[in-house]
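Chain by chain, the residues:
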Amino acid sequence: MTEAVSHDAEAERQKRVYERAMASLELRKRKREAAGYAVMASLYAFEPASRGVGRMGRLVYWAQIVCIMFAGLAPNYLVWKLLLSS
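Sequence order as written defines residue numbering, which begins from 1 separately in each chain. Given that the model is predicted, a residue must reach a pLDDT of at least 70 before its local features are reported, and side-chain atom pairs must reach 80 or more before they are shown or counted; all residues, however, enter totals for whole chains, interfaces and linings. The basis for the side-chain values is all heavy atoms of the structure; hydrogens and waters are excluded.

Asks: Which residues make up the overall build of the protein, and what are the values?
Replies: In this description a helix means any DSSP run of H or I spanning at least four residues, a strand means any run of E spanning at least two, and both kinds are numbered starting from the N terminus. The number of helices and strands found in the protein is three helices and zero strands. For the protein, the sequential pattern of α-helices and β-strands runs α-α-α. The quantity called the radius of gyration is restricted to C-alpha atoms. Its globule counterpart is 2.2 Å times the number of residues to the power 0.38. At 30 Å, the protein has a C-alpha radius of gyration far larger than the 12 Å of a compact globule built from 86 residues. When the backbone C-alpha atoms are referred to their principal axes, the protein occupies close to 95 × 45 × 10 Å. Within the protein, buried positions represent 3% of all 86 residues. Throughout, exposure labels follow a simple rule: accessible area from a 1.4 Å probe, protein chains only, divided by the maximum for the residue type, with under 20% read as buried, over 50% as exposed, and the rest as partly exposed.

Written out as structure tokens, the structure reads:
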């Protein structure tokens, strides 16, 4: 009798462990899927900027101009500041 009770208790414990593990896997799957939706939604929001349309498009254009200016001016400034002013 006690063997049957312990066997049933062990089977019940294994069932609970299995259900917790499956719930954990399902939660991970949902989080990964939600992260994918968030990435796609953010990329979809930046789509007009890639075409140069709207406020975001103008912002991207000016950000590109600033980056190009910085890449052109920073080396010249560093040479002038560090090498030529002794």
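From this point, the discussion proceeds with the structure in view.
Asks: How would you summarise the pattern of salt bridges if you had to cite specific residues and measurements?
Replies: Salt bridge criterion: a side-chain nitrogen from Lys or Arg within 4 Å of a carboxyl oxygen from Asp or Glu. Within this structure, the stated rule accounts for two salt bridges. Here R13 ties to E10 by a salt bridge, and the two come within 2.7 Å at their closest N and O atoms. On the criterion of helical spacing, the pair formed by R13 and E10 is a turn pair, its members being three residues apart in helix α1 (residues 2-45). Residue R13 is classed as partly exposed on the basis of its relative accessible area, which comes to 38%.

Asks: Outline helix α3 (residues 54-83), listing residues and values.
Replies: In an α-helix, one full turn covers 3.6 residues, which means residues spaced three or four apart are oriented alike. For α3, which comprises 30 residues, the first-to-last C-alpha distance of 44 Å matches the rise-based estimate of 44 Å (1.5 Å per residue) to within 8%. A maximum bend of about 25 degrees is found in α3 at L73, where proline P75 lies one to four positions downstream. Every helix has an expected span of 1.5 Å times one less than the residues it contains. One axis fitted to the seven residues ending at a residue, another fitted to the seven starting there: the angle between these axes is the bend at that residue.

Asks: Please give an account of a nonpolar patch on the surface that cites residues and values.
Replies: Each patch is built from residues lacking any salt bridge and having more than 30% relative accessible area; the joining distance is 9 Å for like charges and 5 Å for nonpolar side chains (Val, Leu, Ile, Met, Phe, Trp, Tyr). Here the open area of atoms and residues is found with the Shrake-Rupley method and a 1.4 Å probe, where only the protein chains shown may cover a residue. A surface patch of nonpolar side chains, about 810 Å² in accessible area, is lined by Y77, L78, V79, W80, L82, L83 and L84. Turning to its location among the elements, L78 is positioned in helix α3.

Asks: An account of the packing of aromatic side chains is needed here, citing residue identities and associated values.
Replies: What counts as a ring pair is set by centres within 6.5 Å for rings of Phe, Tyr and Trp (its six-membered ring), and what kind of pair is set by the plane angle: stacked under 30 degrees, edge-to-face over 60, tilted for all other angles. This model, assessed by the stated rule, comprises two aromatic pairs. With a centroid separation of 5.3 Å and an interplanar angle of 80 degrees, the aromatic rings of Y61 and W62 are classed as edge-to-face.

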